[in-house]
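Okay, here's what each chain looks like letter by letter:
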Amino acid sequence: MDVFSRTFLPAASEAGLAMQTASRHMPVFRRCVGSGDATILVTRCSRPDRPVTGEYLFLLTHRRLVVTRQTRVLHRLRLHLNTELRELSHVTWSPDPRLHSVELAATAIDGVRERFLIRTQHPKQVWQLDALFNHAFRSRVRSARPRVVATVAEAPTAARPAAFQPVVAR
C-alpha cells in the first residue's frame with residue numbers, strides 16, 4: 001500500500017466521510033496525486049458564490065490541492081481543481097468559529113479566483129483548520145525578494161588579484 005492510500009483513508013474517516021463516498025472519489029484523486037504524496041486533509045466543502053452546483057470534496061496534500069465535484073442530479077464526478085500548492089497565489093482563509101466554518105480563497109494559475117467554504121462540527125476544528133492551512137500555505141511561501149545567484153558587478157578592489165589592479169598614471 002502506497003503513502004497516499006495509507007493516509008487518504010484515515011483522513012477521510014476523520015472527516016466523517018462515508019466509505020462509499022471516499023471510494024467513489026478515490027480514482028479521480030489517484031489520477032491527480034502521486035503515490036508518495038501524503039494526505040493532509042479530506043473534507044466536504046461548498047462554493048459560497050455557487051451554492052447550487054453540487055457537492056465538492058476537497059483534498060489537500062503536501063504538494064497538491066484537488067477538488068472534485070459531484071453533480072446533484074446524475075451524481076457524476078467531475079474534476080474541479082487540480083493544482084500544485086506553489087502554483088496558487090493570493091491564498092487567504094477566514095476562520096469563523098461562530099459559524100463553525102473556514103472560507104479558503106486562492107487564485108489558480110489560470111487567473112481564476114476559487115473560493116471554498118468548509119464547515120466543521122465544533123469551533124475547535126475551525127482553529128485546527130486554521131493551523132493546518134497556515135502550515136500548508138504560509139510555511140511554504142518563498143520570500144518575495146528575488147534570490148541572487150551571481151552578480152555581474154565589479155568585485156571590490158581589495159578582492160581583485162594584483163594583475164587586474166587598475167593602473168593610475170601619475
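Description of the structure in this document. (Residues numbered from 1 in each chain as written. Predicted model: local features only at pLDDT ≥ 70, side-chain atom pairs only at ≥ 80, totals over all residues. Heavy atoms only, no water.)

## Examining the sheet that holds strand 6 (residues 101-107)
Stated formally: One bridge is not enough; two strands pair if DSSP finds at least two bridges between them. Numbering goes from the N terminus for both helices and strands, where a helix is a DSSP run of H or I of at least four residues and a strand is a run of E of at least two. Lines fitted to C-alpha atoms define the axes, with helix axes restricted to the stretch in contact, and inter-axis angles between N-to-C directions lie between 0 and 180 degrees. Two residues qualify as a contact provided that any one of their heavy atoms is within 4.5 Å of a heavy atom in the partner residue.
Strands sit in the order 5-6-7 across an open sheet of three strands; the sheet is antiparallel. At either end of the open sheet lies a strand with only one pairing partner, and these are strand 5 (89-96) and strand 7 (113-119). The mean angle between the axes of side-by-side strands here comes to 10°, regardless of whether they run parallel or antiparallel. Of the strand pairs in this sheet, strand 6 and strand 7 are connected by seven bridges, and their pairing is antiparallel. The partner of T107 across the bridge, within strand 7, is R113. Helix 3 (residues 123-138) contacts strand 5, strand 6 and strand 7 of the sheet and is inclined by roughly 165° relative to strand 5.

## Brief notes about helix 2 (residues 19-32)
Formally: Between the first and last residue of a helix there are one fewer steps than residues, each counted as 1.5 Å, and that sum is the expected span. To get the bend at a residue, fit one axis to the 7 residues ending there and another to the 7 starting there, then take the angle between the axes. We call a residue buried when its accessible area falls under 20% of the maximum for its residue type, exposed when it is over 50%, and partly exposed in between, using a 1.4 Å probe and counting protein chains only.
In a regular helix each residue adds 1.5 Å, so 14 residues correspond to 20 Å; helix 2 covers 20 Å between its end C-alpha atoms and thus fits that length. A maximum bend of about 40° is found in helix 2 at M26, where proline P27 lies one to four positions downstream. Those residues of helix 2 lying buried are T21, A22, H25, M26, V28, F29 and C32. Residues of helix 2 that are buried make contact with helix 1 (3-14), strand 1 (39-45), strand 2 (55-61), strand 3 (64-70) and strand 4 (77-84).

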